[in-house]
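Coordinates in review
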Amino acid sequence: MDIVLLGPPGAGKGTQAARLQANRGMVQLSTGDMLRQAVAAGTPVGLQAKAVMEAGELVSDAIVSALIGERLDDAIDSGAIFDGFPRTQAQAEALDLLLSERDRHVAYVIELAVDEDALVQRICGRFTCAVCSAPYHDEFKLPKVDGVCDVCGSTEFKRRPDDNETTVRTRMAEYRAKTAPILPYYEQRGLVRRVDGMASVDEVAAQIDAILDGPA
Ligand SMILES: [Zn+2]
């Protein structure tokens, strides 16, 4: 079963994709990762992409499609999770063609729906222990003793520079701008399912399982 997973950065897509890979043997196809891997491995499409990127140009839809085709042929029998692709209707049509050439089709487009303000709060407050990486949060999980890691006793903590409100809101706006155009294409075919991305990891996983295991 092949699915498209949608959701803004921080909605937990990576966590859910990792779980689907572990539990169902599905394979996450993230175009960013695939490009890096293909370039590093020097595959025919990778070499083409490398030349384009070195010339300072954007990698075309045709190259991305070829890259996905290359990976789909690597026997992904248990299903693919598309992440970061498609982003336009032209790409969605290209994906349909790539899949149908292999007797496959997009079964569902699953969107992790989020409350943007709550997501900003969740992302911007997080920090980790610099020594053992234990996760903390300004509002939801402070260390029991102020400034001391509960797990290892370290007094050093770190925050990711991207976890600030401006960056997070910019990435969400980009997501909306890039994703909104493809939803109608899938909606008219009845393929879109929304799950509550603000629920706990286990609840979101259960919602996704119910969709994948439910009646087609
Ligand atoms: Zn620690």
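To be clear, the structure that these remarks concern was listed above.
Residues numbered from 1 in each chain as written. Predicted model: local features only at pLDDT ≥ 70, side-chain atom pairs only at ≥ 80, totals over all residues. Heavy atoms only, no water.

What about the overall build of the protein chain?
Check the secondary structure of the protein chain and you find 9 helices and 8 strands. Projecting the C-alpha coordinates of the protein chain onto the three principal axes gives extents of approximately 60 × 45 × 30 Å. Per-residue burial over the protein chain gives 39% buried out of 216 residues. Within the structure as shown, the protein chain displays about 11,300 Å² of accessible surface, and the carbon and sulfur contribution to it stands at 53%. Charged side chains of the protein chain number 23 positive and 33 negative; the gap between the two group centres comes to 2 Å. (Helix = DSSP H or I, 4+ residues; strand = E, 2+ residues; numbered from the N terminus. Buried < 20%, exposed > 50% of the residue type's maximum accessible area, 1.4 Å probe, protein only. Areas by Shrake-Rupley, 256 points an atom, 1.4 Å probe, with all protein chains shown as cover. Lys, Arg positive; Asp, Glu negative; His and termini not counted. Charge placed at Lys NZ, Arg CZ, Asp CG, Glu CD.)

Side note on the sheet that holds strand β6 (residues 135-137)
Across the sheet, which stays open at both edges, the 3 strands sit in the order β6-β5-β7 with antiparallel pairing between neighbours. In this open sheet, the two edge strands, each paired with only one partner strand, are β6 and β7 (157-158). Two strands pair when backbone bridges link them, and strand β5 (residues 126-129) and β7 are joined in this way by 2 bridges, in the antiparallel orientation. Bridge assignment links T128 to a residue of β7, and that residue is K158. (Pairing = 2+ DSSP bridges.)

Considering the sheet that holds strand β8 (residues 192-196)
Within the open sheet, the 5 strands sit side by side as β2-β3-β1-β4-β8. Their pairing is parallel. Strand pairing shows two members of the sheet lacking a second neighbour, β2 (27-30) and β8, which therefore form its edges. When strand polarity is set aside, the average angle formed by the axes of neighbouring strands in this sheet is 25°. The sheet contact formed by β2 and strand β3 (residues 80-83) spans 4 bridges and is parallel. Residue pairing for β3: V27 is matched across the bridge by A80. (Axes fitted to C-alpha atoms, helices over the stretch in contact; angles between N-to-C directions.)

What to know about the nonpolar core
Ranked by size, the top nonpolar core spans 32 residues in total, and within it I68, F82, L95 and Y186 carry the most contacts. Among the elements of the structure, β1 (2-6), α2 (31-41), α3 (44-54), α4 (61-72), β3, α5 (89-100), β4 (106-113) and α8 (183-187) are those that each provide at least two residues to this core. The dominant element in this core, judged by the number of residues it contributes, is α4, at 5 residues. Discounting residues that sit within four places of it in the chain, Y186 has contacts with V4, P86, A92, L95, V106, V109, L191 and V192. I3, L20, A199 and I208 belong to the second-largest nonpolar core, a separate cluster that totals 17 residues. (Core = buried A, V, L, I, M, F, W, Y, C linked by side-chain atoms within 4.5 Å. Contact = heavy atoms within 4.5 Å.)

Considerations on unusual backbone geometry
We note that D103 has phi near 60°; this positive angle belongs to a residue other than glycine. Secondary-structure assignment places D103 in the loop between α5 and β4. Phi at S133 takes a positive value of approximately 65°, unusual for a residue other than glycine. Along the chain, the position of S133 falls in the loop between β5 and β6.

Overview of the coordination of the zinc ion
Looking at the metal site, the zinc ion is ligated by C129 (SG), C132 (SG), C149 (SG) and C152 (SG), spaced 2.3 Å from it. For the zinc ion, the 4 donor atoms are set out with angles of 103 to 114° between them, so the coordination reads as tetrahedral. (Donors = N, O, S within 2.8 Å, 3.2 Å for Na, K, Ca; no water. Tetrahedral: all angles 85-135°; square planar, octahedral: opposite > 155°, others 65-115°.)

Examining the pattern of salt bridges
Scanning the model with the defined rule gives 18 salt bridges in all. The partner of K50 in a salt bridge is E54, and the shortest N-O contact between them spans 3.9 Å. Taken as a pair, K50 and E54 lie in helix α3 at a separation of 4 residues, close to a single helical turn. The class of K50 is partly exposed, set by a relative accessible area of 37%. A salt bridge links E187 to R194, with the nearest nitrogen and oxygen atoms 3.1 Å apart. Looking at E187, the relative accessible area reads 40%, which means it is partly exposed. When its relative accessible area of 46% is taken as the criterion, R194 is described as partly exposed. (Salt bridge = Lys/Arg side-chain N within 4 Å of Asp/Glu carboxyl O.)

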